[in-house]
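Take a look at the letters that make up each chain.
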Amino acid sequence: RCRVLGQVSCELVPPRPNRPTEGILFFNVELSPMAAPGFEPGRQSELLVELNSLIERCLRNSECIDTESLCVVAGEKVWQIRLDLHVLNHDGNMIDAASIAGIVALCHFRRPDVSVQGEEVTVYAPEERDPVPLSIHHMPICVSFAFFQQGTYLLVDPSEREERVMDGFLVIAMNKHREICTIQSSGGIMLVKEQVLRCSKITAVKVTEITEVIQKALENDQKVRKEGGKFGFAESIPNQKITSFKMESAAVDTNNVEEQAEEIITKADPPSEVFAKPILHTPGTAQIGEGIEDSWGDLEESEREEAVEEEGESEVTAFECQKMETEDTSTMKETKEDEPIVLSDSEEEEVIILEPQELPKKTRTQANSKQENTSKKACNKKRRKKRAA
């Protein structure tokens, strides 16, 4: 079950400058590791931000609380109502549980009575005057819907596992007068008009049922308070309603257990034959036990495909290598027999002619370099003669 604890507190504060005659509403939602191991304390996750915004739109923007009744002195002092929602256990559909806990806590809350005489403001204790309830116009309640297989299947009140696999999510906040307070759709799914109308009709039915349950619970609590009985948290502790589930002890009959076990064994089918010796299929593999065929030595389909692809690639590479060798040999045959084979990395280095029967000769590059040197020397001599003349 998803469990949310709502707590309301109040204090006198100066109002906002743009709204001097209206009280202040503040909402806070906390997700602790107590609710689920994935929640980290002090860190705002996407779920927490979405939950806070939905609660504010559902309770504040719907104007379910009369904020002008929270004004004590216009422009000086107003009541600030703070609603804290603590998630105790997260088992899916946390938005609906938080909205119900929030509106019930606000309906159940009583603020201290106040009197104003001139500039003096006196706040009375509960023993002096009865506390005053908040003026609430209506009770907006959220109802969540989960969509599966692109909207073909619709589910109300999804659990935590169902939220993990859902395709889309729709939240509708409505009161018992069938007035939509807020609506939000999330997830990668497009909804049709007929689907939204169907969800709104379901929401109207669910909201009326939940509102009746809330009103009955508030009336019973008020009666118990007037009679002087246990109420609130003191009532829930002995019944273990909040801390844990109450389970009645089940009686277990242990008589004639051995006879019943023997009857079950005799009625059961006899065990299958067992082979004591191992069956050797291929060298390196064996099956010990019931003699079932072993597939360890066989390759799977994916491995077979990979092996076939590798063989094909090796054949292609070998064929290309043979082609390259034949081309090299053909080019070598086309070259003339008298031309020497030259091995060189650059044009400036000395080149050695590889001929086994003849002595090494100088290359053309050396001859070209000698001709350039002789031409340079001749030019230099001519310049010197002109200078001397």
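Conventions used here
Just so you know, the residues in each chain are numbered from 1, in the order the chain's sequence is written. Totals for whole chains, interfaces and linings use all residues, but because this is a predicted model, local features are given only for residues with pLDDT of at least 70 and pairs of side-chain atoms are given and counted only at 80 or more. Side-chain calculation: all heavy atoms of the structure are included, whereas hydrogens and water are not. Criterion used throughout: strands pair if DSSP finds at least two bridges between them. A helix here means a DSSP run of H or I that spans at least four residues, while a strand means a run of E at least two residues long, and both kinds are numbered starting from the N terminus. Between N-to-C directions, angles span 0 to 180 degrees; the directions come from axes that are lines fitted to C-alpha atoms, helices contributing only their stretch in contact. Residues are treated as being in contact if the distance between any of their heavy atoms lies within 4.5 Å. Paired rings are identified among Phe, Tyr and Trp, the last through its six-membered ring, by centres lying within 6.5 Å, and are further divided according to the angle between planes into stacked (under 30 degrees), edge-to-face (over 60) and tilted (the rest). Sitting over a ring, as applied to charges here, requires NZ of Lys or CZ of Arg to be within 6 Å of the ring centre and within 35 degrees of the ring normal. In protein, a polar contact requires one atom able to donate a hydrogen and another able to accept it; more generally it is a pair of N or O atoms within 3.5 Å, and residues adjacent in sequence count only if both atoms are side-chain atoms. We call a residue buried when its accessible area falls under 20% of the maximum for its residue type, exposed when it is over 50%, and partly exposed in between, using a 1.4 Å probe and counting protein chains only. Values of pLDDT, ranging from 0 to 100, describe the predictor's confidence in every residue of the model. Here the expected span of a helix is defined as 1.5 Å times the quantity of residues minus one.

Draft legend 1. How the structure looks around the sheet that holds strand β12 (residues 180–187). Across the sheet, which stays open at both edges, the four strands sit in the order β10-β9-β11-β12 with antiparallel pairing between neighbours. Lying at the two open borders of the sheet, with one neighbouring strand each, are β10 (153–156) and β12. Direction aside, neighbouring strands of the sheet carry axes that sit 20 degrees apart on average. Judged from the four bridges that link them, strand β9 (residues 141–148) and β10 form a sheet pairing that is antiparallel. Counted as the bridge partner of F147 is L154 from β10. Sheet strands in contact with helix α1 (residues 46–61) are β9, β11 (168–174) and β12, and its direction is about 160 degrees off that of β12.

Draft legend 2. How the structure looks around the pairing of strand β7 (residues 120–123). Relative to β7, strand β6 (residues 114–117) is paired through four bridges, and the arrangement is antiparallel. Looking across to β7, one finds that Q117 is bridged to E120.

Draft legend 3. Quick look at the packing of aromatic side chains. Within this structure, the stated rule accounts for zero aromatic pairs. Cation over ring: R129 sits above Y124, and NZ or CZ is 4.0 Å from the ring centre.

Draft legend 4. Inspection of the side chain of S62 at higher detail. Position of S62 relative to the elements: it lies in the loop between α1 and β3 (71–73). At 2.5 Å, the side chain of S62 and the backbone oxygen of C58 are in polar contact.

Draft legend 5. Spatial organisation of the environment of R43. Position of R43 among the secondary structure elements: in the loop between β2 (24–31) and α1. Here R43 falls in the exposed class, since its relative accessible area comes to 55%. Along the primary structure R43 and E30 are separated by 13 residues, whereas in three dimensions their C-alpha atoms are 9.7 Å apart.

Draft legend 6. Local environment of the confidence of the model for the protein chain. Mean pLDDT over the protein chain stands at 76; residues scoring 70 or higher make up 67%. In the model, residues 341–349 has pLDDT below 50 throughout and makes 10 contacts with residues more than four positions away in sequence or in other chains.

Draft legend 7. Spatial organisation of α1. The terminal C-alpha atoms of α1, which comprises 16 residues, lie 21 Å apart, in line with the 22 Å expected from a rise of 1.5 Å per residue. In this structure, the buried residues of α1 make contact with β2, β4 (77–89), α2 (94–108), β9, β11 and β12. Following α1 by one or two positions, E63 adopts a phi angle in the positive range, close to 55 degrees.

Draft legend 8. Representation of the side chain of D84. Along the chain, D84 falls in strand β4. A residue is classified by how much of its surface remains accessible, and D84, at 11% relative accessible area, is buried. A distance of 3.3 Å separates a polar atom in the side chain of D84 from a polar atom in the side chain of N28. Once residues lying within four places of it in the same chain are set aside, the contact partners of D84 are L5, G6, Q7 and N28.

Draft legend 9. Geometry of unusual backbone geometry. At Q149, a position not held by glycine, the phi torsion is positive, near 55 degrees. The topology assignment puts Q149 in the loop between β9 and β10. By relative accessible area, Q149 is classed as exposed at 52%.

Draft legend 10. Representation of the environment of L54 in the model. Within the secondary structure, L54 is located in helix α1. Classification of L54 as buried rests on a relative accessible area of 1%. With 45 residues separating them in the primary sequence, L54 and S99 have C-alpha atoms 8.7 Å apart. Ignoring anything within four residues of it in the chain, the contact list for L54 reads I95, V171 and Q184.

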